[in-house]
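# Examination of the molecular architecture
Chain by chain, the residues:
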Amino acid sequence: MKKSRRRFIKQAGCALGMATLATQVHHFGLINALAQKVDDRRRKSGSLGTGYKALVCVFLGGGNDGNNMIVPNHNSGSISNYSVYSAARSPQGLAIPQGQLLPISVPRMGGLSYGLHPSMGPVVGGNNGLHELWGQGKLAFATNIGTLVSPMTKAQYQNNSVSKPYQLFSHLDQVYQFQAGRSDTFSFTGWGGRVSDEMTSGSNPNGLVPMITSIDGSQLFTSGQSTQALAIADSNTPLNEVLNPIGFEDDPISQARLQAFNEIRAIDRENNYVEAASAITDSALEANDALASYQEVTVTFPNTAIGRQLKQVARIIKKQPDLNVDRQIFYVERGGFDTHNNQVGGQANNLGEVSQAVRAFYDEMVVQGRSSDVTTFMMTDFGRTMNPAGAGGSVGSDHGWSNHLFVLGDAVDGGDFYGINTSNGTPFPNLTIDGPDDATNNSANARGRWIPTASVEQYAATLARWYGLEEQDLPVVFPNIGSFSSTDLGFML
Amino acid sequence: MSGTTRSPITTCAAFLVLSLLVVQATAQIFPDPNSPSPVLIHAFDNVNRAMAAPGGSKTVEMPADKSAAFRIGDTARLFVKNVELMPGEGASAFRVYARDENKRIYRFPVIGIEEVAGKTPVYALTVKVRDEIGFWEQPSETGDVEIIVTWRGLSSNSLLFGLGTFGGLKPENPALETKEVQELASPEYVGYRWSGDRIRFLEQATFGPNRSLDHRIRRIGIRTWLAEQFDLPYPSSSNPYPNIPLKPNNIQTGCPEPRGTPEYNLCVRTHYTMYPVQTWFFKEAFYGEPQLRHRVAWALSQLWVTSAPTVRQSSHMFAYHKVLSDNAFGNYRTLMKEMTLNPAMGDYLDMARSTKFSPNENYAREILQLFSIGLFRMNQDGTLELDENDEPIPTYDQETVNNFTKVFTGWTFCNVGCPNSTLGAVNFKDPLVLNQNNHDVTEKTLLQYPNAVNPTIAAGMNGNTEIDLALDNIFYHPNLGPFVGRFLIQHLVTSDPTPAYIGRVAAAFNNNGSGVRGDMKAVIRAILLDPEARGDVKTDPNFGKLREPVQLLTNVYRQFGVTSADGSGQSDGYITPLSTYMSQNPFAAPTVFNYYPPNYVIPGTALLAPEFGLMNTGTSIARTNIGTFLSFAAIEVDNRNPPNYPQGTAIDLDEMTAVAAADPTAERLLDELDYKLMHDTMSASMRASILNAVLAVPVDAPDFRVRTALFLIASSSQYQIQR
């Protein structure tokens, strides 16, 4: 006889909110089960805009091909022009036709024209994308950025006279280094987490939520020694449900169960794994109280993974007066950029999603009056080889080194390239395979992997300083920053 | 085993002999899996302080005077007793942890072990008084820290140890001399008596213990059970691999219009989604006899990763899974070859389109980094080999990747002339085939290591020959044993095994006892029979692993007789949404780096814990909610056409409900659940909390009592950490 469960459901229905559960069972909609409840209580907006700042990291997982995100759109004879690019990539079918590029004029490059990937423009049924923000001075690129232990020339790369980042071209290691903000050794913490460690006592004294929130799980970037990020689901789950345990009602039986649930979490912590798991649940339940209500955003976000992640970020920023935190760091990620194959369509799709989602987020920040307070910046694994991998319809590219990274917001000195000069006297590399900026020991195997001229630390320090990290704390957060001449690439106003 | 004393001395002598023989024979078949718990010896003058002597002196003896305080960088000798070392077992089997007043945890490297002269069995552990983890700065020299010694997953007592000076810390467990192994209250055992170890073993070797497996282990022991499992046909005869035909890449071509009809949806689901793979997988996990092979194949699928939706068709994934399961008990070298030529892998990591004209580095890089040897040279015990500057030594560089890339050029799908070649579809069933014209025949330089096998490949060779030469070059690399060994230990037993454990498993990988390298049966046996894996209870605070979502689900389902929603038959195996809700979508890992990297460290700690890559604030609540779902709800029958879950999935709590109904105190219910889910390790305070909640439920609702208790256990960290 298997009636006990049904009988139980009948008996226990009221006590447990079983109807809700049963619905969830039927539709498997644990995530979406409950209708979105928007709290429409009016928020006091007295503290809005008073010194709030947020950094939003958009991680392009897999290693976005920067060589196709920014392409020379000129015929200059002195630095790599479209022909150099085309010669390296068009035979295999990886070059973007010049006519499709979205032109940008770059003061730092003597006013020469460069072109953005065509997916970064307007989309029918969407928004105008990131390209338009260049012209408005809201979008900048930090160029030729990558992992470095200290500055390095090609000769130094070849003769090993300067330490290299450990395990170049390996995904995991390069992601760790980008997120850690150091490349000389393994780090248990990320640079976002360390910034938060330094600033939490002053800028998030109440600690209703941690200073850092990830909408893409646990990340090294978000982990400090004392800072552990909140990690929550994307906007498919209403903010008031992302950390809400189901099935607990007000009746005594339910409350007794809840009490036991809480008691059990507080004991048996001698085992370090039990301790870690219980501590994570503790912080989830603390934050759940702070997220009990929220207001929906105004702008329509694309219904993509990255769009939903950024929408959730926008909801939290909108809730800032309640959360009583002056500084916040967010992490979102779009994977799929490891385009060893099918890059032409794949990168266009991925980068298009990023462009649309980040633009929607920027527009929402304008609506919220936060566009000067919130700076969105890109990170990724590494760049990709100039020389394609494969050919024809499935052409892609392999793991490279330096890359170009977008930064946007009203606090950004947009409409220009920022970085440290390469061999050609500009911060944009010479695109010649086996040329002066190509990291290779062996001409026969040269693929066009550009040696970075500005380090992750320099890029990150520029952002962290804007965020409010004190000058004297820079070496605490970036232990290796002293190896580099400048700690400010200049892209923040 | 207590020898039953028969009072009449006149008992027939023959009977005595016979019974002794029986006792002895049983002992031989089923050795006690429990190791003794190490005891850290206290100072003569203070029972709360560890006896400690400066390291370095030639004579090893226990100091008769007061123990000293130490400075960071000193060496010190600590003294342990109550350990029994196997041949070859030494310093690397021990770890020494220190905890300061801020609860920060440090680990002091154990660099030597000596038997104290004349005092058997007391051992002097020589430790470097310096944290080797590196999460925190070195501990301050401002007074006492608490130290413990761990060995084989067991913790010693905790004693004070002076850093710089004495004082400043009160011992938490003053002068606790030994932690006794729990006496077990199951006198009715038949054979393999250690009930805690039985359940623990089944958690490691299967998708979850249940009564029938528990009984079987009790009867035949774990060694015989392993031998049985090695010989079972796979998959179960009632759940064969579905034979799904290859389809065109394009769904619109593969499934006839009109779209949206039940026929169309069924066609898409069958061919172009992982639905058939996932339901087949969970059915085998729920009901299959060959549990061990299924479990090891699942672990291997997280090593040699391919994933949907890049792998587009279920038939492609089945062909890939078959390579894993065919070789789970075979030889790792064969697995390497068959996986290298598996079309799903060839597509996933691009080898199937890499030619000498336009090579692709992806597979060459990842087979080295992820599937075989890793980035840095290791000793046999998995510790890093260091150069003269104490820096790790890379196993290869970009040039090596370029050379392996050349080896792997020229392979492609066998779309014509192979057994499964299908007009209009890419052949993802038969191994890739070589087109020598696309193969790079230049000379290659491969991995360099002492006594390297095939360190170079001469120019002008056939690609078929080269692939074997190159795979042998990888296969004989000294890293392979510890790399594969650690990975499988982490997936089956514990997240941060000692070097000694890894070394023993690597030794089995290197030589199965008959001179064969790469014998997976030997590796699995070594992992599951190791004293660090075995025993009724593990007390080392760093022992254990988070149950991955799939294991969390199958362990609960299996222990409570998983059935269809109405209880009349079997589940249809469709529980994917529950797993995905906890961020693990089976056969759809986000990238080739799996759901979590093997070296994942829990943020804010120095704890190595791969599965915690899926544990964060959001998913911790998801796990709680799944506890609620499993305990209080079921997957009801799906009435759509076609139904994704035509039978539904539920657990059967009738037996537990009867127990609860028969005992209003609920003590027996707690006994049963403690045994089934936590192998009798539930603490008294946890039990008390659960009892309070259970007793709040009216006695005439025993089913509700069971569900309340089940929820509180299943959602607890104490259960979610497999120990």
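Here the structure is a predicted model, which is why all the values come from computation and not from measurement.

Time to look at the overall build of chain B. Counting secondary structure elements, chain B contains 24 helices and 18 strands. Here the C-alpha atoms of chain B give a radius of gyration of 28 Å, agreeing with the 27 Å that 2.2 N^0.38 yields for 723 residues. In terms of its C-alpha atoms, chain B occupies a principal-axis envelope of roughly 85 × 70 × 60 Å. Across the 723 residues that make up chain B, the buried fraction comes to 56%. Intrachain contacts of chain B at a sequence separation of at least 6 include 67% that bridge at least 24 residues.

Moving on, we get to the overall build of chain A. Along its length, chain A carries 15 helices and 14 strands. Of the contacts made within chain A by residues no fewer than 6 positions apart, 72% connect residues no fewer than 24 positions apart.

Turning next to the interface of chain A and chain B. Listed by partner, the interface residues are 75 residues for chain A and 80 residues for chain B. At the level of secondary structure, the elements contributing two or more residues to the side of chain A that touches chain B comprise α1 (4-16), α2 (18-27), α7 (171-180), β7 (230-231), α9 (252-265), α10 (272-290), β10 (384-389) and β11 (396-399) of chain A. Counting residues per element, the side of chain A that touches chain B draws most heavily on α10 of chain A, at 11 residues. Class assignment of the residues belonging to the side of chain A that touches chain B gives a composition of 37 nonpolar, 29 polar and nine charged.

Attention now goes to the packing of helix α22 (residues 684-695) of chain B against helix α23 (residues 702-714) of chain B. Residue and element names in this part refer to chain B. With their axes 9 Å apart at the nearest point, α22 and α23 run at an angle of 150° to one another. Considering their axes alone, α22 and α23 lie roughly antiparallel with respect to each other. At the point where α22 passes α23, the crossing takes the right-handed sense. Here I690, A693 and V694 of α22 lie close against α23, whose contacting residues are R705, T708, A709 and L712. Residues belonging to the contact of α22 with α23 are distributed by class as follows: five nonpolar, one polar and one charged.

Let us look at the domain arrangement of chain B. Domains assigned within chain B are domain 1 (1-30), domain 2 (39-163), domain 3 (197-480) and domain 4 (654-722). Between the C-alpha centres of domain 2 of chain B and domain 3 of chain B there is a distance of 44 Å.

Residues and elements named next belong to chain A. Strands sit in the order β2-β4-β3 across an open sheet of three strands; the sheet is antiparallel. Looking at strand neighbours, the two that pair on one side only are β2 (70-72) and β3 (102-106), the edges of this open sheet. Averaged over all adjacent pairs, the angle separating strand axes in this sheet is 40°, with direction ignored. Across three bridges, the pairing between β2 and strand β4 (residues 112-116) is antiparallel. Opposite V71, over in β4, you have G115 as the bridge partner.

All names here are of chain B. The residue Y501 is located in helix α15 (residues 499-510) in this model. The buried category is assigned to Y501, around which 28 C-beta atoms lie within 10 Å. With sequence-adjacent residues up to four places away left out, Y501 is seen in contact with I489, D530 and E532.

Residues and elements named next belong to chain B. Between helix α20 (residues 654-662) and helix α21 (residues 667-678), the least distance of the axes is 7 Å, while the angle of their chain directions is 150°. Classified by the interaxial angle, the pair formed by α20 and α21 is roughly antiparallel. Contact residues: M656, V659 and A660 in α20; R668, L669 and E672 in α21. The residue makeup of the contact of α20 with α21, split by class, is four nonpolar, no polar and two charged.

For the rest of this paragraph, the subject is the confidence of the model for chain B. All names here are of chain B. With 93% of its residues at a pLDDT of at least 70, chain B reaches an overall mean of 92. Considering only residues more than four positions removed or in separate chains, one finds that residues 1-28, a stretch of pLDDT under 50, has six contacts. Both confidence scores are given for the complex: pTM 0.91, ipTM 0.93.

Summarising burial for helix α11 (residues 362-369) of chain B: eight of the eight residues are buried, a large majority. Listed in full, the buried residues belonging to α11 of chain B are N362, Y363, A364, R365, E366, I367, L368 and Q369 of chain B.

This brings us to the nonpolar core. Grouped together as the largest cluster of nonpolar side chains are 324 residues, with contacts concentrated most on L78, L125, V523 and I527 of chain B. If we skip the residues at most four places from it in the chain, V523 of chain B touches V484, G485, L488, V505, A508 and F509 of chain B. Grouped together as the second largest cluster of nonpolar side chains are seven residues, F169, F382, W401 and I451 of chain A included.

Residues and elements named next belong to chain A. By domain assignment, chain A separates into domain 1 (53-237 + 294-483) and domain 2 (243-290). Summarising the inter-unit geometry, the C-alpha centres of domain 1 and domain 2 are found 38 Å apart. Every contact between the two is made by six residues of domain 1 and, on the other side, four residues of domain 2. Of the residues assigned to the side of domain 1 that touches domain 2, the class counts are five nonpolar, one polar and no charged.

Below, the discussion takes up helix α11 (residues 305-318) of chain A. Here α11 of chain A spans 20 Å end to end across 14 residues, near enough to the 20 Å set by a 1.5 Å rise per residue. When you tally the buried positions in α11 of chain A, you get 13 out of 14 residues, the bulk of the element.

With that settled, consider the pairing of strand β5 (residues 139-146) of chain A. All names here are of chain A. Of all eight residues making up β5, eight are buried, and the element is well covered by its neighbours. The pairing of β5 with strand β12 (residues 403-408) spans five bridges and is antiparallel. Counterpart to A142 in the pairing with β12 is L405. One ladder, built from two bridges, connects β5 with strand β13 (residues 417-418); its direction is parallel. Note on β13: the bridge partner recorded for F141 is F417. The pairing of β5 with strand β14 (residues 454-455) spans two bridges and is parallel. Considered in β14, the bridge of I145 is made with A454.

For chain A, mean pLDDT is 90; residues scoring 70 or higher make up 90% of the total. Under a pLDDT of 50 for its full length, residues 1-49 of chain A has, in the predicted model, 74 contacts with residues more than four places off or in other chains.

Here we take up the environment of D473 of chain A. Looking at where D473 of chain A falls in the secondary structure, it is placed in the loop between α14 (456-467) and α15 (474-477). According to the C-beta neighbour criterion, D473 of chain A is partly exposed, with 17 such atoms within 10 Å.

Where the residue is not glycine, phi is negative for most of them; where a peptide bond is considered, it is trans in most cases. For the peptide bond that leads from E257 of chain B to P258 of chain B, omega is 0°, which places it in the cis range. Checked against the element boundaries, P258 of chain B lands in the loop between α4 (251-254) and α5 (262-272). The omega angle of the peptide bond from N641 of chain B to P642 of chain B is -5°, so this bond is cis rather than trans. Backbone geometry places N144 of chain A, a non-glycine residue, at a positive phi of 55°. Looking at the secondary structure, you find N144 of chain A in strand β5. On the basis of neighbour counts, which here come to 27 C-beta atoms within 10 Å, the residue N144 of chain A falls in the buried class. One non-glycine residue, N160 of chain A, lies in the positive phi region at around 55°.

Our focus in this paragraph is the pairing of β4 of chain A. All names here are of chain A. For β4, the tally of buried residues reaches four of five residues, placing the bulk of the element in the interior. One ladder, built from five bridges, connects β3 with β4; its direction is antiparallel. The partner of S105 across the bridge, within β4, is S113. Counting the residues that bridge the hairpin from β3 to β4 gives five residues, and of these G110 lies at a positive phi of roughly 70°.

Residue and element names in this part refer to chain B. Residue placement: D390 occurs in the loop between α11 and α12 (398-407). Judged by the 7 C-beta atoms lying within 10 Å of it, D390 falls in the exposed class. On a C-alpha basis, the gap between D390 and E338 in space is 38 Å, while along the polypeptide they are 52 residues apart.

About the criteria used
- Residues numbered from 1 in each chain as written.
- Chains lettered and ligands numbered in written order.
- Predicted model: local features only at pLDDT ≥ 70, side-chain atom pairs only at ≥ 80, totals over all residues.
- Helix = DSSP H or I, 4+ residues; strand = E, 2+ residues; numbered from the N terminus.
- Rg over C-alpha atoms; globule rule 2.2 N^0.38 Å.
- Buried ≥ 20, exposed ≤ 12 C-beta atoms within 10 Å, placed from the backbone.
- Contact = placed C-beta atoms within 7 Å.
- Nonpolar A, V, L, I, M, F, W, Y, C, P; charged D, E, K, R; others polar.
- Axes fitted to C-alpha atoms, helices over the stretch in contact; angles between N-to-C directions.
- Parallel < 35°, antiparallel > 145°, perpendicular 65-115°, else oblique.
- Left-handed = near helix turned anticlockwise from the far one by under 90°.
- Domains from an automatic or database assignment.
- Pairing = 2+ DSSP bridges.
- pLDDT = per-residue confidence, 0-100.
- Core = buried A, V, L, I, M, F, W, Y, C linked by C-beta atoms within 7 Å.
- Expected span 1.5 Å × (residues − 1).

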